[in-house]
Amino acid sequence: MEYKIPKYTKLCKEVLFVKSIKAKIALILILTILGLTIFFSFNIFSNNLIEDASKQEDELSNGVYAAKDIRVTMMEIRALEQQYLKDPQQSTADVIKTNLENLQNGIIDLEKDFKNSPEMLDNIHKIDFSMLKYLQDFQHLINLYEKIGYTNNSGLRKESNVAKKQVETLLNESGNKNTLNDFLFITKLENIYISTHNGTSYNELLSTSSIISSQFKDNHDLSTSYKKYENIVKNLAATIREVGQIQANFDTSAMNIANAVKEVETKAIEEKEKLSESVTKQNKQLSLILIVISVVIIIALLSISYLLMKSIQKSITTLKYGAQKIGAGDLNHRVEIYTNDEIGELTVTFNQMADNMQKTFLKVVSTAEQLNASSQHLAAISEETTAQSN
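Residues numbered from 1 in each chain as written. Predicted model: local features only at pLDDT ≥ 70, side-chain atom pairs only at ≥ 80, totals over all residues. Heavy atoms only, no water.

## What about the overall build of the protein?
So, step 1. When helices and strands are tallied, the protein shows nine helices and zero strands.
So, step 2. Counting from the amino terminus, the protein carries its helices and strands in the arrangement α-α-α-α-α-α-α-α-α.
So, step 3. Radius of gyration (C-alpha) of the protein: 56 Å, far over the 21 Å computed for a compact globule of 390 residues.
So, step 4. Restricting to contacts in the protein with at least 6 residues of sequence separation, those with at least 24 account for 73%.
So, step 5. Put simply, the protein shows about 23900 Å² of open surface, and 56% of that area lies on carbon and sulfur atoms.
So, step 6. Positive and negative side-chain charges in the protein, numbering 42 and 47 respectively, have mean positions lying 3 Å apart. (Helix = DSSP H or I, 4+ residues; strand = E, 2+ residues; numbered from the N terminus. Rg over C-alpha atoms; globule rule 2.2 N^0.38 Å. Contact = heavy atoms within 4.5 Å. Areas by Shrake-Rupley, 256 points an atom, 1.4 Å probe, with all protein chains shown as cover. Lys, Arg positive; Asp, Glu negative; His and termini not counted. Charge placed at Lys NZ, Arg CZ, Asp CG, Glu CD.)

Laid out in structure tokens, this is it:
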């Protein structure tokens, strides 16, 4: 006799597609391991995202600090620059050059911090370009001051002093005290002009010099020496005017650097705030997704476990009820089969046993009926025989 699985709930059919309880338990274990794998994989993925965002935030923070350092270093350089222009000294120039080298290293670090931000790199390149321009101008300024001379014993100032002494000696020999006084006045104007770079002093020096030079026409030595001195002073004046032009370039370059640094600093702070907001939003989304995944995994496992338990419980209850019915004498009762697992096989065997018991019982009943009929027939024959004997 063939027994078919009767219709059950759709969910049970979907869940209980495997044939054995062992396979169903294995399925639960596999789903549990799969759920844990998904859970931990998502955790790792989430942590990696957070770690990457944290690195980006650290890079932006480093960029902000580097930009501030550049701004502060540039302020120090400008202060030293003003000091150098007021009192040119080689030691001050060396300090400025060292600071400029440190500033260039800071710009390189800034480029590394913002290597993934094209917009930032554009501003950093502006800083770098202005910095190179500033460095070139400052090196030119150093060369000009070396040409002028840091002291009276170097550069054009030394040449001027030598020429002045020659003119002064010749004037003393000539005995022309008025001209000597005029010349000494010119040398004072020269010293004032070297110290202050004041154009008024130089203009007065030129007007006085033109008057004196006309007095040396008859004296070849004086005229030659004074001409030499005059050329040196003119060379000094041209160099000082060039210094003034470079000073204006300094202001432009420094302003460009300051503006570019401020732009980098502002954008870095804005990017950091945006990233912080993005990380916060991302963390909330990831936490929500993680909660949903956890809930889905737990519900799935509980549902499968419940359905498995329910199917086993129903099969056992049905089998128990069938055994009680058959035990009570209802040999026509058969247990319904709900699963294809071991309990389903047990139910099939149980029903086959009931079939066999029913067949055996029917045979016994048939045999008993035959025996009863035979007994009655024999009793009838016995009665006829007795009757005939009497």
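## Details of a negative patch on the surface
So, step 1. Taken together, the side chains of Glu270, Glu271, Glu273 and Glu277 make up a negatively charged region of the molecular surface.
So, step 2. Within the secondary structure, Glu270 sits in helix α8 (residues 220-327). (Patch = residues over 30% accessible without salt bridge, like charges linked within 9 Å, V, L, I, M, F, W, Y side chains within 5 Å. Salt bridge = Lys/Arg side-chain N within 4 Å of Asp/Glu carboxyl O.)

## Points about unusual backbone geometry
So, step 1. For His197, which is not glycine, the phi dihedral falls at a positive 60°.
So, step 2. On the secondary structure map, His197 appears in the loop between α6 (177-196) and α7 (199-213).
So, step 3. With a relative accessible area of 28%, His197 lands in the partly exposed category. (Buried < 20%, exposed > 50% of the residue type's maximum accessible area, 1.4 Å probe, protein only.)

## Looking at the environment of Glu159
So, step 1. Relative to the assigned elements, Glu159 resides in helix α5 (residues 155-174).
So, step 2. Along the backbone, Glu159 and Val296 are 137 residues apart, and their C-alpha atoms lie at a distance of 93 Å.

## Considerations on helix α4 (residues 118-148)
So, step 1. Taking 1.5 Å of rise per residue, 31 residues should cover 45 Å, and α4 covers 44 Å from first to last C-alpha, within 8% of that figure.
So, step 2. Looking one or two residues beyond α4, the residue adopting positive phi is Gly149, at roughly 110°. (Expected span 1.5 Å × (residues − 1).)

## Description of helix α3 (residues 90-113)
So, step 1. In this model, α3 (24 residues) spans 35 Å end to end at C-alpha, consistent with the 34 Å of a helix rising 1.5 Å per residue.
So, step 2. Turning to α3, its buried residues are Thr92, Ala93, Ile96, Asn99, Leu100, Leu103, Gly106, Ile107, Leu110 and Asp113.
So, step 3. Buried residues belonging to α3 abut α2 (21-86), α4 and α8.

## Some remarks on the pattern of salt bridges
So, step 1. This structure, assessed with the given rule, holds six salt bridges.
So, step 2. For the salt bridge of Asp251 with Arg78, the shortest nitrogen-to-oxygen distance reads 2.7 Å. Separated by 173 residues along the polypeptide, Asp251 in helix α8 and Arg78 in helix α2 bring together distant segments of the chain.
So, step 3. Glu190 is the partner of Lys164 in a salt bridge, and the nearest nitrogen-oxygen pair spans 3.6 Å. Placement of Lys164 in helix α5 and of Glu190 in helix α6 is noted, with a sequence separation of 26 residues between them.
So, step 4. Lys164 gets classed as buried once you look at its relative accessible area, which sits at 9%.
So, step 5. When its relative accessible area of 3% is taken as the criterion, Glu190 is described as buried.

## Overview of a nonpolar patch on the surface
So, step 1. On the surface, a nonpolar cluster with roughly 270 Å² of combined accessible area is contributed by Leu288, Val292 and Val296.
So, step 2. Turning to its location among the elements, Val292 is positioned in helix α8.
So, step 3. With relative accessibility at 44%, the residue Val292 sits in the partly exposed group.

## Description of the packing of aromatic side chains
So, step 1. Applying the stated criterion to the full structure yields seven aromatic pairs.
So, step 2. Ring plane angle 80° and centroid distance 5.3 Å describe the contact between Tyr84 and Tyr145, whose orientation is recorded as edge-to-face. Here Tyr84, found in helix α2, pairs with Tyr145, found in helix α4; they are 61 residues apart in sequence, far enough to count as distant. Across the pair, Tyr145 and Tyr84 agree in class, each one buried.
So, step 3. Members of the aromatic cluster, each reached through a chain of ring pairs, are Tyr84, Phe138, Tyr145 and Tyr150. (Phe/Tyr/Trp six-rings, centres within 6.5 Å; stacked < 30°, edge-to-face > 60°.)

## Describing the nonpolar core
Nonpolar side chains tend toward joint burial in soluble globular proteins.
So, step 1. In this structure, Tyr84, Phe138 and Leu141 are the most contacted members of the largest nonpolar core, which totals 64 residues.
So, step 2. Of all the secondary structure elements, the ones that give two or more residues to this core are α2, α3, α4, α5, α6, α7 and α8.
So, step 3. Element by element, the count of residues in this core is highest for α8, at 19 residues. (Core = buried A, V, L, I, M, F, W, Y, C linked by side-chain atoms within 4.5 Å.)

Purely geometric numbers; function is a separate question.
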